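Listed here are the chains, written in short residue letters.
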Amino acid sequence: MTGLILENVEKRYGSACAVKDVNLHLPEGKLVCFLGPSGCGKTTLLRMIAGLETLSGGEIRLDGEDIGHTPAHERNFGMVFQSLALFPHMTVGENIAYPLKLRGVSKADQQARVVELLELIQLQEMIDRPVAKLSGGQRQRVAIARAIASRPKILLLDEPLSALDAKLRESMQVEIRQLQQRLNITTILVTHDQREAMTMADIVVVLGEHRVQQVGTPIEIYRHPANEFVADFIGSGNIFPATALGNGKVGLPGGDALEVPICSSIVVGEKVKMLIRPEDLQLSHPQATAGNRLLGKVTFVRDIGATIETTVECSGVSFTALSTPSQGFGLNIGNPVSVTLPAEACRVLSA
Ligand code: ATP
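One numbering rule holds for all chains: residues counted from 1, following each sequence as written. Two thresholds apply to this predicted model, a pLDDT of at least 70 for residue-level local features and 80 or more for giving and counting side-chain atom pairs, whereas whole-chain, interface and lining totals are computed over all residues. Side-chain calculation: all heavy atoms of the structure are included, whereas hydrogens and water are not.

A. Focus on a negative patch on the surface. Residues qualify for a patch when their relative accessible area is over 30% and they have no salt bridge, like charges being joined within 9 Å and the nonpolar side chains of Val, Leu, Ile, Met, Phe, Trp and Tyr within 5 Å. Only the protein chains shown count as covering a residue, and every accessible area follows the Shrake-Rupley method with a 1.4 Å probe. In what follows, salt bridge is the name for a side-chain nitrogen of Lys or Arg lying within 4 Å of a carboxyl oxygen of Asp or Glu. When charges are counted, neither His nor the chain ends are considered; positive counts come from Lys and Arg and negative counts from Asp and Glu. Throughout, a charge is located at the NZ atom of Lys, the CZ atom of Arg, the CG atom of Asp or the CD atom of Glu. Taken together, Glu-28, Asp-63, Glu-65 and Asp-66 make up a surface patch of like negative charges. Within the fold, Asp-66 resides in strand β5 (residues 65–66). Every helix listed is a DSSP run of H or I at least four residues long, and every strand listed is a run of E at least two residues long, numbered separately from the N terminus.

See below:
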């Protein structure tokens, strides 16, 4: 099978397990994000793929070939770290040419490749400038150009944008994605920023507690989180307790019943956790309770520009709803309000 395959990959430091039982297939040409909270094992996993950490167990295969014990320099993977690790005393051109020089590429070919890469990152004018005299974003681009100089099979990026301010970070996210698509290079990006992962990735690998929690497209992960950990980590959500009543209904703590998609794995009487995203809750003038339309009371309202965030107490649950100003009909603290939870937007989360 083509692409990068990880089978039962593990990393232990003494008795502590940093990465447990990772099984992944990363197809060619895709941008994959390893996303998860600090300490969950993202960097360790990336470093094992790079060959910078040994495996305690499992296999890594690239296009069918076992590379789990191949030295890093023989894997031909490009890598950009958070620190970028550029050589400050060298010029832009020298930095980009460095990996080519190490591989014994001729001076003329080095020069031609540097010119080609500078055109790609649009820094043609800066070939002779010391990297110390570049802006943060320009340094970032040089680090990427250096990482792809020797046409690596895979590009590995370990939180490369975390030192940049929010605005530059966003524009670099777009630049990296465009470059990755243009070159069609398999790329793994490590990040703890869920927005970065959701807006850049073809595939998101959510890691938590040292293991893979879910693999999917950004929309799959957001709309169909596999468990409470993923639901909570990705985006904002209302996670609330309920009791299974059977026939596609659950009971809320305050006693109201809610229709939800039928979930065959739960049994009547089981305590479950439910998820509904704030943008899926519909608020309206108070009306009689019917179906999934319940009565609640506004406890907090916050105008955040394009949207209004409202907290509503409803059947023993505190829900957060997002609406647009045009939908805001005098939402004031203490007022009664009708809250509709569309059945198709309610998810039963597995434990
Ligand atoms: P962050 O986002 O903070 O960089 P991460 O998800 O990349 O975190 P890792 O750096 O992979 O997490 O670390 C995973 C776990 O392995 C952590 O508990 C960490 O303390 C541990 N760990 C990492 N490197 C070593 C090491 N060399 N020796 C012992 N434990 C280590």
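We are not done yet, so read on.
B. Summary view of the site of the ligand. Nearness of a residue to a molecule or strand requires only that one of the residue's heavy atoms be within 4 Å of it. Neighbouring residues of the ligand: Tyr-13, Ala-18, Pro-37, Ser-38, Gly-39, Cys-40, Gly-41, Lys-42, Thr-43, Thr-44, Glu-159 and His-210. In this structure, Cys-40 approaches the ligand through a main-chain N or O atom, which is 3.1 Å from an oxygen atom. Across the complex, the protein chains shield 56% of the 630 Å² of accessible surface that the ligand would expose by itself. Any residue outside Ala, Val, Leu, Ile, Met, Phe, Trp, Tyr, Cys, Pro, Asp, Glu, Lys and Arg is labelled polar, Gly included; the first ten of those are nonpolar and the last four are charged. When its residues are assigned to classes, the shell around the ligand shows four nonpolar, six polar and two charged. As used in this structure description, the phrase polar contact means that two N or O atoms lie within 3.5 Å; if the pair is within protein, one of them must be able to donate a hydrogen and the other to accept it, and residues adjacent in sequence are counted only when both atoms belong to side chains.

C. Highlighting the sheet that holds strand β2 (residues 16–26). By this definition, two strands are paired if DSSP reports at least two bridges between them. One open sheet accounts for four strands, arranged β2-β1-β4-β5; its pairing is antiparallel. Where the open sheet ends on each side, the last strands, each with one partner, are β2 and β5. Where strand β4 (residues 57–62) and β5 come together, two bridges link them in antiparallel fashion. Paired with Leu-62 across the strands is Glu-65, a residue of β5. Running over the sheet, helix α1 (residues 42–50) touches β1 (4–13), β2 and β4 and is turned about 120° from β1. Here, residues are in contact when the closest pair of their heavy atoms is within 4.5 Å. Comment: axis = line fitted to C-alpha atoms, over the contacting stretch for helices; angle = value between 0 and 180 degrees taken between N-to-C directions.

D. Fine view of helix α3 (residues 92–102). We call a residue buried when its accessible area falls under 20% of the maximum for its residue type, exposed when it is over 50%, and partly exposed in between, using a 1.4 Å probe and counting protein chains only. Looking at α3, one finds that the buried residues are Val-92, Gly-93, Asn-95, Ile-96, Ala-97, Pro-99 and Leu-100. Those residues of α3 hidden inside the fold are in contact with α4 (107–120) and α5 (136–148). Two residues or fewer past α3, Gly-104 is found with a positive phi of approximately 75°.

E. Layout of the pattern of salt bridges. Scanning all chains against the criterion turns up 16 salt bridges. Glu-10 serves as the salt-bridge partner of Arg-12, at 2.5 Å between the closest nitrogen and oxygen. Judged by its relative accessible area of 40%, Arg-12 is partly exposed. With relative accessibility at 22%, the residue Glu-10 sits in the partly exposed group.

F. Structural context of the packing of α3 against α5. Remark: α3 packs on α5, axes separated minimally by 7 Å, with the N-to-C direction vectors making an angle of 30°. It follows that α3 is roughly parallel to α5 by the angle criterion. Of the two possible hands of crossing, α3 and α5 adopt the one that is right-handed. Between α3 and α5, the contacting residues are Val-92, Asn-95, Ile-96 and Pro-99 on the first element and Val-142, Ala-145 and Arg-146 on the second. Its residues assigned to classes, the contact of α3 with α5 shows five nonpolar, one polar and one charged. An angle counts as roughly parallel when it lies under 35 degrees, as roughly antiparallel when it exceeds 145, as roughly perpendicular when it falls between 65 and 115, and as oblique in every other case. Handedness of a helix crossing follows the sense of rotation of the near helix relative to the far helix, less than a right angle counterclockwise being left-handed and clockwise being right-handed.

G. The packing of α5 against helix α6 (residues 166–183), seen in detail. Relative to each other, α5 and α6 sit at 25°, their axes nearing to 11 Å. One way to sum up the angle between α5 and α6 is to call them roughly parallel. As α5 packs across α6, the resulting crossing turns out to be right-handed. When α5 is examined against α6, the residues Gly-136, Gly-137, Gln-140, Arg-141, Ile-144 and Ile-148 are found in contact with a partner set consisting of Leu-168, Met-172, Glu-175, Ile-176, Leu-179 and Leu-183.

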